[in-house]
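Spelled out, the chains give:
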Amino acid sequence: IPLDNLALEIQRSLDYYESQLGKGSVDHIVLLPLRNEMPELLEGFNSRLPVPIKVMDINELMQVDIDVNRDTLVFCLASMGAALREQGVVHAEA
């Protein structure tokens, strides 16, 4: 039931974004990786929401010269977000 409630809140946010803000429809949602993989969470969202949900892959966002494992990525997400925002890569509306 908590997943149902969370999916409902996400759906409400999508509806608000589209109808009240007039920003158009969202074509996908990207989740930040968690320390522990939770495939049931991803499957649950994908079965309840009208847009595909996927977990962020750092290699799709930027070219990195090292292999970034899940633990390192999770640990560094806040710093990476702050650095990208300072560089103008991450936009508030994105």
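You'll find the structure just up there.
A brief structural summary.

Reading guide: rules and limits
- Numbering of residues starts from 1 in every chain and runs along the sequence as written.
- The predicted nature of this model means local features are confined to residues of pLDDT at least 70 and side-chain atom pairs, given and counted, to a pLDDT of 80 or more, with totals for whole chains, interfaces and linings taken over all residues.
- As a rule here, side-chain values come from all non-hydrogen atoms in the structure, and water together with hydrogens is ignored.
- Each helix is a run of H or I in the DSSP string that is no shorter than four residues. Each strand is a run of E no shorter than two, and both are numbered from the N terminus.
- Residue burial is assigned from relative accessible area. The probe radius is 1.4 Å, only protein chains are included, and a residue is buried under 20% of its type maximum, exposed over 50%, and partly exposed in between.
- When a carboxyl oxygen of Asp or Glu lies within 4 Å of a side-chain nitrogen of Lys or Arg, that pair is called a salt bridge.
- Nonpolar cores were defined as sets of buried Ala, Val, Leu, Ile, Met, Phe, Trp, Tyr and Cys residues, with membership established by side-chain atoms within 4.5 Å.
- We call two residues in contact whenever any of their non-hydrogen atoms come within 4.5 Å of each other.
- Note on geometry: axes are lines fitted to C-alpha atoms, helical ones only across the stretch in contact, with angles between N-to-C directions running from 0 to 180 degrees.
- Orientation is classified from the angle alone, with under 35 degrees giving roughly parallel, over 145 giving roughly antiparallel, 65 to 115 giving roughly perpendicular, and any other angle giving oblique.
- The sense of a crossing depends on the near helix, which, turned anticlockwise from the far helix by less than a right angle, makes the crossing left-handed and, turned clockwise, makes it right-handed.
- Three classes are used, and their members are as follows: Ala, Val, Leu, Ile, Met, Phe, Trp, Tyr, Cys and Pro are nonpolar, Asp, Glu, Lys and Arg are charged, and the others, Gly among them, are polar.

**Quick word on the overall build of the chain**
Here comes step 1: Per the secondary structure count, the chain includes 4 helices and 2 strands.
Here comes step 2: Listing every helix and strand of the chain by position from the N terminus yields α-β-α-β-α-α.
Here comes step 3: Burial analysis of the chain (94 residues in total) assigns 16% to the buried set.

**Notes on the pattern of salt bridges**
Oppositely charged side chains are able to pair whenever their charged atoms sit close together.
Here comes step 1: Counted under the stated rule, the structure contains 2 salt bridges.
Here comes step 2: A salt bridge links Arg-12 to Glu-9, with the nearest nitrogen and oxygen atoms 2.8 Å apart. Placement of both Arg-12 and Glu-9 in helix 1 (residues 2-19) is noted, with a separation of 3 residues, approximately one turn of the helix.
Here comes step 3: Classification of Arg-12 by relative accessible area gives partly exposed; the value is 48%.

**Thoughts on the nonpolar core**
Here comes step 1: Core analysis: the largest hydrophobic core is formed by 7 residues, namely Ala-7, Leu-14, Ile-29, Phe-45, Leu-49, Val-51 and Ile-53.
Here comes step 2: In this view, Val-51 contacts Leu-14, Val-26, Asp-27, His-28, Ile-29 and Asn-46; residues no more than four positions away in its chain are not counted.
Here comes step 3: Within the second largest apolar cluster, 5 residues are counted, among which are Met-56, Ile-58, Leu-73 and Leu-77.

**So, the packing of helix 1 against helix 2 (residues 39-48)**
Here comes step 1: Relative orientation of the contacting elements helix 1 and helix 2 amounts to 55°, with a least axis distance of 10 Å. Considering their axes alone, helix 1 and helix 2 lie oblique with respect to each other. The chirality of how helix 1 crosses helix 2 is right-handed. On the side of helix 1, the interface is formed by Leu-3, Asp-4, Leu-6, Ala-7 and Ile-10, while helix 2 contributes Glu-40, Leu-41, Gly-44, Phe-45 and Arg-48.
Here comes step 2: Of the residues that constitute the contact of helix 1 with helix 2, the class distribution is 6 nonpolar, 1 polar and 3 charged.

Shape is all these values report; function is a separate question.
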